[in-house]
Amino acid sequence: MEWATVKPAAFDYAAPTSLAEALTLLGDPDRDATVLAGGQSLLPMLNMRLARPELVVDIGRIPNLAGIEEREGALVFGAMTTKAAVESSALVLRQQPLLHAATKLVGHPQIRSRGTVGGSMAQADPAAEYPAVAVATGGWMRAVGADGERTIPAADFFVTCLTTGLAPGELLVEVGIPALSAGTGWSFTELSRRHGDFAMAGVAVTVRLDRAGCFEESRIVVFGVGDIPTRMSAAEELLRGERPEPSLYRRAADAVRDAFDAPMSDIHASAEYRLHLAGVLAERGIADAVARAHPGEEGPNR
Amino acid sequence: MSSTNGTRPVRVTVNGTVHEATVEPRTTLSELLRSQLGLTGTHVGCEHGVCGVCTVLIDGKAVRSCLTLAVQVDGSEILTVEGLAAADGTLHPLQEAFSAEHGLQCGFCTPGFLMAVYALLTEKPDAGEDEIREVLGGQLCRCTGYQSILRSVMRAAAQFRESKLEWVR
Ligand SMILES: Cc1cc2nc3c(=O)[nH]c(=O)nc-3n(C[C@H](O)[C@H](O)[C@H](O)COP(=O)(O)OP(=O)(O)OC[C@H]3O[C@@H](n4cnc5c(N)ncnc54)[C@H](O)[C@@H]3O)c2cc1C
Ligand code: FES
Ligand code: FES
């Protein structure tokens, strides 16, 4: 029995077994090459012919690109680390519960078994959880290209919808996510039509309270509303030095709604609805983060 | 491995049998299984990862075979729904549970559900209802309303904890 039902347009394929070989393939200016990691975003685009690369460079056979380690107060993920590995990591659960919670919201176990940490960052979907976590925690990306390597703060990495600061031919090799410091409260909330769908809107929050129980520092990052995960500086400023209470969270939520000039609007949710959700989720998210915070606690990471 | 145009050989173990095939790089695993190896138990629906009917096991993990290239699984072990029942056709206990609890109607979605659940229970024999629901949430069924599928899996899970040996393929 043989018949053919190919979906993608034809492409050439290479599975380099070293970083150097991969960079050579990706650096060729005459070929339109695309990196293949877990394939959970690229394959749908190939199957729908939204992507028609000449060459697909599969980085799955390069050694040492997957793994989780602790380095200088941060968790460092090899780009090819699967979300399943992040989800089952005791280290992540202990040191970075916000990332653990966000991981459970990325698609389904059947997608997380192959989808990678690097792939989610490089894909830069505005509604994706991982970029929001990277921005909320002050994470960084390490990229390697023909001209050497560089570290890019998450705040500069996401440029616009589906676009990152990676240069052509550059490979993302590591993602650093600082551990949550002791006493920091956190929350990760999103709303999607069905569990496992991309979020219509979501909010990641971290807060630190001082000895008196007032806001010392907070980070509020909204995703799924703007073209990239966005810090809500006005709302963060509004909380600073204040005592946590529901009326304050409501004012912060108003500041979140005011922060967007042109929210995304598509078949999944209108701009108005996304803005409404961002406010509601920010209000809840701040309250949840405060409930998890331990006032005045300082010191080494947990 | 250097890059060359055109087809290339792949070697995969499917349900315990080694297969060698020649594929274009754009051939997905679902297509290799169905059209080259004749294993049409693995269904395809959406071909963009959403419906889950194409779910198979690659080296023990449940994955979407429509979102995996055949060339990516060169050297891997694949388990498909055809690998569940015994050689004489005796149904696997998981399949028996679906039959007993009416976990299927038209049956289009069933291979995907079986493989996703098989992967969960063999990896986490103590999986509770929440974990089971989460895995079921990644598979679409347009007939059953899911409650009978959940009952099938809960029944199978209880059984699995008692008699693992009959289970693992
Ligand atoms: C049904 C379904 C539901 C999903 N739900 C969600 C969800 O709720 N939230 C969510 O965030 N995601 C979701 N996803 C997407 C999934 O998380 C993807 O795994 C992820 O977006 C991309 O990771 P990947 O490893 O599969 O990358 P790939 O698909 O292989 O690559 C994605 C893009 O990144 C580039 N790339 C990958 N790795 C690198 C690297 N190391 N260096 C440079 N470029 C690189 C590729 O060239 C490509 O352009 C879903 C996917 C499916 C199929
Ligand atoms: S056909 Fe693969 S998920 Fe629908
Ligand atoms: S039984 Fe018909 S789709 Fe599930």
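Residues numbered from 1 in each chain as written. Chains lettered and ligands numbered in written order. Predicted model: local features only at pLDDT ≥ 70, side-chain atom pairs only at ≥ 80, totals over all residues. Heavy atoms only, no water.

A.B. asks: How should I be thinking about the sheet that holds strand β1 (residues 12-14) of chain A in this particular structure?
C.D. replies: Within a sheet, each strand pairs with its neighbour through backbone hydrogen bonds, oriented either parallel or antiparallel. Residues and elements named next belong to chain A. Spatially, the 3 strands line up as an open sheet ordered β1-β3-β2, and their pairing is parallel. Looking at which strands have only one partner, the edges of the open sheet turn out to be β1 and β2 (33-36). Looking at each pair of strands side by side, their axes are set apart by 25 degrees on average, direction ignored. Looking at chain direction, β1 and strand β3 (residues 55-58) are connected through 3 bridges and run parallel. When the sheet's bridge partners are listed, aspartate 12 is paired in β3 with leucine 55. (Pairing = 2+ DSSP bridges. Helix = DSSP H or I, 4+ residues; strand = E, 2+ residues; numbered from the N terminus. Axes fitted to C-alpha atoms, helices over the stretch in contact; angles between N-to-C directions.)

A.B. asks: Is there a simple way to think about the packing of aromatic side chains in this case?
C.D. replies: For any pair of aromatic rings, the description rests on two quantities: the centre-to-centre distance and the angle between the ring planes. Under the counting rule described, the total for this entry stands at 3 aromatic pairs over all chains. Arginine 292 of chain A extends its terminal NZ or CZ atom over the ring of tryptophan 186 of chain A, reaching a point 3.8 Å from the ring centre. (Phe/Tyr/Trp six-rings, centres within 6.5 Å; stacked < 30°, edge-to-face > 60°. Lys NZ or Arg CZ within 6 Å of the ring centre and 35° of its normal.)

A.B. asks: Would you take a moment to explain the pattern of salt bridges for this structure?
C.D. replies: Where charged atoms from two side chains of opposite charge approach closely, those side chains can pair. Residue and element names in this part refer to chain A. Summed over the entire model, instances satisfying the criterion amount to 23 salt bridges over all chains. Across the pair arginine 71 and glutamate 174 runs a salt bridge whose closest N-O atoms are separated by 3.1 Å. Note that arginine 71 is positioned in strand β4 (residues 68-71) and glutamate 174 in strand β10 (residues 171-178), a separation of 103 residues in sequence. With relative accessibility at 32%, the residue arginine 71 sits in the partly exposed group. (Salt bridge = Lys/Arg side-chain N within 4 Å of Asp/Glu carboxyl O. Buried < 20%, exposed > 50% of the residue type's maximum accessible area, 1.4 Å probe, protein only.)

A.B. asks: Before we go on, may I ask you to explain unusual backbone geometry in this structure?
C.D. replies: Most peptide bonds are trans, and most residues other than glycine sit at a negative phi. In the Ramachandran plot, arginine 49 of chain A falls in the positive-phi region, its phi being about 60 degrees despite a non-glycine side chain. Along the polypeptide, arginine 49 of chain A turns up in the loop between α2 (42-47) and β3. Arginine 49 of chain A sits in the partly exposed class, given a relative accessible area of 36%. With phi around 45 degrees, aspartate 59 of chain B is a residue other than glycine that occupies positive phi space. Mapped onto the secondary structure, aspartate 59 of chain B falls in the loop between β3 (55-58) and β4 (61-64).

A.B. asks: Would you mind going over the domain arrangement of chain B with me for this structure?
C.D. replies: Interfaces are often described in size by the accessible area the parts lose on coming together. Residue and element names in this part refer to chain B. Structurally, chain B comprises domain 1 (8-83) and domain 2 (93-163). Relative to domain 2, the C-alpha centre of domain 1 lies at a distance of 21 Å. Taken together, the contacts link 18 residues of domain 1 with 15 residues of domain 2. Where domain 1 abuts domain 2, roughly 1,200 Å² becomes buried across the two surfaces, and 65% of that area is made up of carbon and sulfur atoms. Looking only at domain 1, the three residues that lose the most surface to domain 2 are His43, Val53 and Val81, adding up to 34% of its buried area. Taken together, the links from domain 1 to domain 2 amount to 1 salt bridge. Across the pair lysine 61 and glutamate 123 runs a salt bridge, and its minimum N-O distance is 3.7 Å. (Domains from an automatic or database assignment. Contact = heavy atoms within 4.5 Å. Buried area = accessible area lost by both parts, 1.4 Å probe.)

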